[in-house]
Amino acid sequence: MLVSPTPTLIREYRQLISAEKALQKRFSDELPLPAKTLDERRVHLYLNAGLLSSLASEIAEGADGIGLYRTEIPFMLQPRFPSESEQVEVYKQVLDAAIGRPVVMRTLDVGGDKPLSYLPIIEENPFLGWRGIRLTLDHPELFLVQLRAMLNASAARDQLHILLPMVCCLDEIDQAIAYLEQAYLEVKQDLHPHLVRPKIGIMLEVPALLFQLEEVAKRVDFVSVGSNDLTQYLLAVDRNNPRVSTLYDCYHPGILRALKHARIDCDKYQLPVSVCGELAGEPIGVILLVAMGYDQLSMNQGSLAKINYLIRRVSYADLSELLDKALSLTNGTEVRQLVTAYLKAAQLDEFL
Ligand code: PEP
Ligand code: MG
């Protein structure tokens, strides 16, 4: 905090604020235009969301849909498990906000860094413990209520995609699909005879699954790379521990190689893939992801207009060369320096 700042300092801060506002306006003016590279590669941009507030205007402002709706957020805001009908209301509002565009709803991803006050979990190693799909498969009564609520909210619309978090083995996918089928038949019979079957996908967060994409592709309709957790597990670095925060680096060339491998294998097995971790909303991350061929990115609302603007100013062909260089570097700092130099040379300094 600055006590009694000088008039010069106040003036400088005011200038910075108005420059930032002008920049944001330039970005948002272009949001209605499609995110297409200079050489016409279309990249679909989606929103990550968890709170209902302002979702409607965000979608209207140019996202291709909701790429990650974190259902644990409404669960965390309540003093108890929300009932099926309460969940239906929330999910309907999310689907409505997307005005017919796809919505990827993730089933409850609690545990690890996302506690529920009314479900205390005491573990020595919560990030390697009872989280995400592990917890819901152990509590089918919770899982089935949530699946039914999603299906009931969706009814005859074909927007709904259901995403399973923290999957580490194929059996979990098979079990979850069996529960989904049960919920689907129940809702169809009881409430909505014309119920549309949702698409089903998994988060790619646990490294072992990077090497089972062929089998994954036989089971699900899509995958979404959770680069936040994937980085944490590939580097064995707690994403929330400040002592090791300098080691938590999504630009580590080993992570980039893993992401490239995932993209290549998803292509090989015709498995649609998106990225929904923080990397997909960072200019340097987007440059590298687009270079790898990722064409579905899901990000926070604050990044959407900026990333759209950036994609419209780069050429996919140039980026491939940049990616080859990045993959051969020693560490994340060098990768950031390389992409920063590229952005400067392309006169895209506003992203730095
Ligand atoms: C991720 O792990 O990248 C992700 C998007 O999920 P969350 O951040 O909610 O764990
Ligand atoms: Mg995650």
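Values in this document were obtained by computation on a predicted structure and should not be read as measured data.

Conventions and cut-offs
Residues numbered from 1 in each chain as written. Chains lettered and ligands numbered in written order. Predicted model: local features only at pLDDT ≥ 70, side-chain atom pairs only at ≥ 80, totals over all residues. Heavy atoms only, no water. 1 Å grid on protein atoms, 1.4 Å probe; cavity = no way out; pocket = protein on both sides within 12 Å on 5 of 7 lines; lining within 4 Å. Points joined across faces, edges and corners; volume = space filled by probe spheres on them. Helix = DSSP H or I, 4+ residues; strand = E, 2+ residues; numbered from the N terminus. Nonpolar A, V, L, I, M, F, W, Y, C, P; charged D, E, K, R; others polar. Near = heavy atom within 4 Å. Polar contact = N/O pair within 3.5 Å; in protein donor to acceptor, adjacent residues only side chain to side chain. Areas by Shrake-Rupley, 256 points an atom, 1.4 Å probe, with all protein chains shown as cover. Axes fitted to C-alpha atoms, helices over the stretch in contact; angles between N-to-C directions. Parallel < 35°, antiparallel > 145°, perpendicular 65-115°, else oblique. Left-handed = near helix turned anticlockwise from the far one by under 90°. Contact = heavy atoms within 4.5 Å.

Draft legend 1. The arrangement of the layout of surface pockets in detail. Within this model, the largest pocket holds a volume of roughly 220 Å³. In terms of lining, the largest pocket is formed by 13 residues, of which the most central are Tyr46, Val104, His161, Phe222 and Gln296. Taken together, the elements giving at least two residues each to the lining of the largest pocket come down to β6 (222-225) and β7 (273-275). Among the residues forming the lining of the largest pocket, the class breakdown is 7 nonpolar, 4 polar and 2 charged.

Draft legend 2. Looking closely at the environment of Ile202. In this structure, Ile202 sits in strand β5 (residues 199-204). In the structure, Ile202 is positioned 197 residues away from Pro5 in sequence and 51 Å away in space, judged by C-alpha atoms.

Draft legend 3. Quick look at the site of ligand 1. Close contacts around ligand 1 come from 13 residues, with Arg70, Arg106, Lys114, Asn228 and Arg239 the closest. Ser227 is positioned such that a nitrogen or oxygen atom in its backbone is 3.2 Å from an oxygen atom of ligand 1. Coverage of ligand 1 by the protein amounts to 98% of the 290 Å² it exposes when considered alone. The set of elements that each furnish at least two residues to the shell around ligand 1 consists of β2 (66-70) and α9 (227-235). Per-element accounting of the shell around ligand 1 gives the leading share, 3 residues, to α9. Of the residues contributing to the shell around ligand 1, the split by class is 3 nonpolar, 4 polar and 6 charged.

Draft legend 4. Main features of the packing of helix α13 (residues 316-327) against helix α14 (residues 332-345). Two elements in contact, α13 and α14, have axes separated by 10 Å at closest approach and are oriented at 155°. Compared by their axis directions, α13 and α14 come out roughly antiparallel. Seen along the crossing, α13 lies across α14 with a hand that is right-handed. Counting all contacts with α13, which are made through Asp318, Leu319, Leu322, Lys325 and Ala326, the residues of α14 involved are Val335, Leu338, Val339 and Tyr342. Classifying every residue of the contact of α13 with α14 by side-chain character gives 7 nonpolar, no polar and 2 charged.

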